[in-house]
Structure formats: structure tokens, C-alpha cells
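Reading the structure
These are the residues of each chain, in order.
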Amino acid sequence: MEELPERVIGAVTVLFGARGGKYPHGNSLLVRGAEETLVIDPSLGLLPRRDRLPPVDHVLNSHCHEDHVAGNHLFPAAAWHLHEADLPGIRSLDGMMAIYGYPGPILDAFRRIVVEQFHYVARPDAQGFADGAVFELGGGVRVRVLHAPGHTRGHCFFWIEPDDVLYLADVDLSSFGPYYGDAWSDLEDFERTLAGLRGLQPRHWATFHHVGVLSDPGELRARLDRFAGKIAEREARLLAFLREGPHDLAAIARHRFVYRPEDDVPWAEPVERRSMEQHVARLVAAGRVCEVEPGRYRAG
Ligand SMILES: [Zn+2]
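Residues numbered from 1 in each chain as written. Predicted model: local features only at pLDDT ≥ 70, side-chain atom pairs only at ≥ 80, totals over all residues. Heavy atoms only, no water.

So, on to the overall build of the protein chain. The helix and strand tally for the protein chain stands at seven helices and 16 strands. Over its C-alpha atoms, taken along the principal directions, the protein chain stretches across nearly 65 × 40 × 35 Å. Taking all 300 residues of the protein chain together, 56% fall into the buried category. Sequence separation of 24 or more characterises 59% of the internal contacts of the protein chain that already satisfy a separation of 6 or more. In the form shown here, the protein chain has an accessible surface area of approximately 12,600 Å², with 51% of it arising from carbon and sulfur atoms. (Helix = DSSP H or I, 4+ residues; strand = E, 2+ residues; numbered from the N terminus. Buried < 20%, exposed > 50% of the residue type's maximum accessible area, 1.4 Å probe, protein only. Contact = heavy atoms within 4.5 Å. Areas by Shrake-Rupley, 256 points an atom, 1.4 Å probe, with all protein chains shown as cover.)

What follows concerns the sheet that holds strand 7 (residues 127–129). The strand order across the open sheet formed by seven strands is 1-2-3-4-5-6-7, and the pairing between neighbours is mixed. Both edges of this open sheet fall to strand 1 (6–9) and strand 7, since each of them pairs with a single strand only. Ignoring which end each strand starts from, the neighbouring axes of this sheet average 25 degrees apart. Of the pairings in the sheet, the one linking strand 4 (residues 37–40) to strand 5 (residues 58–60) comprises three bridges and is parallel in character. Bridging from a neighbouring strand, Leu38 pairs with His58 of strand 5. (Pairing = 2+ DSSP bridges. Axes fitted to C-alpha atoms, helices over the stretch in contact; angles between N-to-C directions.)

Here we come to helix 7 (residues 268–285). Over its 18 residues, helix 7 extends 26 Å from the first C-alpha to the last, a length consistent with the 26 Å expected when each residue adds 1.5 Å. Considered for burial, the residues of helix 7 that qualify are Ala268, Pro270, Val271, Glu272, Arg274, Ser275, Met276, Gln278, His279, Val280, Arg282 and Leu283. Looking at the residues trailing helix 7, positive phi occurs at Gly287, about 80 degrees. (Expected span 1.5 Å × (residues − 1).)

Here the focus is the environment of Pro178. Within the secondary structure layout, Pro178 lies in the loop between strand 11 (165–167) and helix 4 (187–197). Once the C-alpha coordinates of Pro178 and Gly150 are considered, the two residues, 28 residues apart in sequence, prove to be 9.1 Å apart. In contact with Pro178, not counting residues within four places along its chain, are Phe190, Leu194, Phe227, Lys230, Ile231 and Arg234.

On the basis of which strands lie adjacent, the open sheet formed by six strands has the order 8-9-10-11-12-13 and mixed pairing. Of all the strands in the sheet, just strand 8 (134–138) and strand 13 (213–214) have a single pairing partner and so form its edges.

Each protein donor to the zinc ion is listed here as His63 (NE2), His65 (ND1), His151 (NE2) and Asp170 (OD); together their distances run 2.1 Å. Geometry at the zinc ion is irregular, judged from its four donor atoms and the angles of 89 to 170 degrees they form at the metal. Taken in sequence order, the residues that donate to the zinc ion follow the motif H-x1-H-x85-H-x18-D. (Donors = N, O, S within 2.8 Å, 3.2 Å for Na, K, Ca; no water. Tetrahedral: all angles 85-135°; square planar, octahedral: opposite > 155°, others 65-115°.)

Of the two faces of strand 16 (residues 296–299), the one lined by Tyr297 and Ala299 is fully buried and the one lined by Arg296 and Arg298 carries no buried residue. Here two bridges tie strand 14 (residues 247–248) to strand 16, and the two strands are oriented antiparallel to one another. Bridging from a neighbouring strand, His247 pairs with Tyr297 of strand 16. When strand 15 (residues 289–293) meets strand 16, the two strands line up antiparallel, connected through four bridges. Among the inter-strand pairings, Glu291 is bridged to a residue of strand 16, identified as Tyr297. If you look at the hairpin formed by strand 15 and strand 16, you'll find two residues sitting between the two strands, and Gly295 has a positive phi there, around 80 degrees.

What describes a pair of aromatic rings is the distance from one ring centre to the other and the angle between the planes of the rings. With the rule as written, the count across this model stands at twelve aromatic pairs. An angle of 65 degrees between the planes, with centres 5.8 Å apart, marks the rings of Phe241 and Phe257 as edge-to-face. Of this pair, Phe241 sits in helix 5 (residues 217–243) while Phe257 sits in the loop between helix 6 (249–255) and helix 7; the two residues are 16 residues apart in sequence, bridging distant segments of the chain. For the pair shown, Phe241 and Phe257 are each scored as buried. (Phe/Tyr/Trp six-rings, centres within 6.5 Å; stacked < 30°, edge-to-face > 60°.)

Another point: the nonpolar core. Counting 49 residues, the largest nonpolar core has Phe75, Ile90, Met96 and Ile252 as the members making the most contacts within it. In terms of nonpolar packing, the next biggest core, distinct from the first, is built from 25 residues, Val31, Ile40, Val141 and Cys156 among them. (Core = buried A, V, L, I, M, F, W, Y, C linked by side-chain atoms within 4.5 Å.)

Just geometry here; none of it tells us what the structure is for.
Put into C-alpha cells, the structure is as follows:
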């Protein structure tokens, strides 16, 4: 079995996932105070560690996506907490499916994947938290909630004191760029979240995928610029495509602006459509794209 790495930063232990935390894997955080212990975003990487994990009082999920709740079931005796906006997703599988909002056949297939590959377990008594909530773990160790919506409605950062670790969850600074392709995603909320992140100055940043832990502000800025820049890049490519137009959303989704044409992703069509309809809507509102006939768009 692959030995998965860990990194200790004071009260925080980063439990790195397999394959560098590349989806479907991810990095989880264990936070130990004098009185209580909590785990943030239990990933698939916690399953092979299950016999070595300490008792956990609370499970915090940054948002309700399959890869972030894949290890929740390892902690049936702990209280589970999510932002109140994403709470329906952990309370029932139907609630979870509404977050994605994919069309019928894709959703049915995905429903099975969420249960069989991500070990989804509904938890009707999961508790909601709001922006600014604080989990006091004893001995000066606390976890503060920062609502950071866009990826999902309830997506949150967690700021862990006193070690000054800011956990960014799926603002993952990856080369893929921001993901806002679900029914419950919102491009402009995501942009506000990214702008707000620039004003935060922790000692360490931790992400769920890929990057893991960053401690150099210059590197953080460079990665954040590149990550945020993917939004403008997709929009510029869309404008170029619509200059050759007119095109409807089906053609836009087929052309692919989020995934690469060679990416074999069963849910690519609805994700492309949901992502790019938000770009189209704001370009229309700004007068940069015209709806030349119902559902067909051209850039001037
Ligand atoms: Zn996610």
C-alpha cells in the first residue's frame, strides 16, 4: 500500500491524499486542541489510515462535494458540520444531487458513483454553521469559518489558530482553474471570493487538491493570479468563438472551454454548459455579446 505523507504545523496535521491530492483524492486536515479534535474534509486518503486516526469530535466539511465527504463515514460518532447553505447535500442524497443539477442520465450515473466510489452517507442530523462561526478546541486552538461561496453556495475557508493556517478547500490554485460548473456554483461569487482572498495574510495556505501547503506569499500570489486568470482566459476564448458565431449553448458546450477536448469526463457537457452560460449572460448584460435569435449568440 502507498505510504501517504503527512505534515505537522503545530496543532494541524495535513493528511495528504494519494496522487498528490489529484481528484478524486484530496488533502484532509486534522486539528487537535487540548480538549477536542476535529477533521476537515475527510478524503479518500483517510480510508487506508483508518486504524491510525485519533478519536474525532467534529467533522467539518468545506462544502458538500463527493471528494470532500468521502471519509465522513469513518466518524459516525462525531458531529458533522457544514455551512448552512450546503447542508441539504449532507442531509440526503437527493439534496446532494440538487447541488450538481446534472440532467437525468448523467445524474443517475453520478448518484451511483457518489455512493459506491465516494462512500456517501446521508446524515440528517448534520449541523449548519454560518460565516464567522468558531470551533474552540481548547488550549488556544480554534477553527474560524470564512464563507467563500462560488464553487458551491456554502463553500467555506477555515482559518486555524494559533498556527495561522488558512485552508482554502477547492479554491485549490490548480492549473485547471476555478470550477463553477454546478447548479449551485456562481461565477461572480467565485470572483468575489478570489478578490477577498487577496486581503488575507496567514502564515500558511492549505488546499484540498494538488498544491497542499504554501508558506511563501509570493508563490501564493503567483498561483492565485494564474488560477484567477483562467476565468478571463475562458471568457476571451468564448468571445473569439462567438465572433465566428452565432452559436447556441450546445455548440459552446461542445467546443469546450473548461475541460480539454481529450478529457474523458462523463459530466463535461453539463459542466461546460453551466459554466459558460454564466459568461454568456454577463457578456450579454455588458453589451459585448448579442442574442441574435433566441438562444443563439454572437460577439460584435
Ligand atoms: Zn468541490
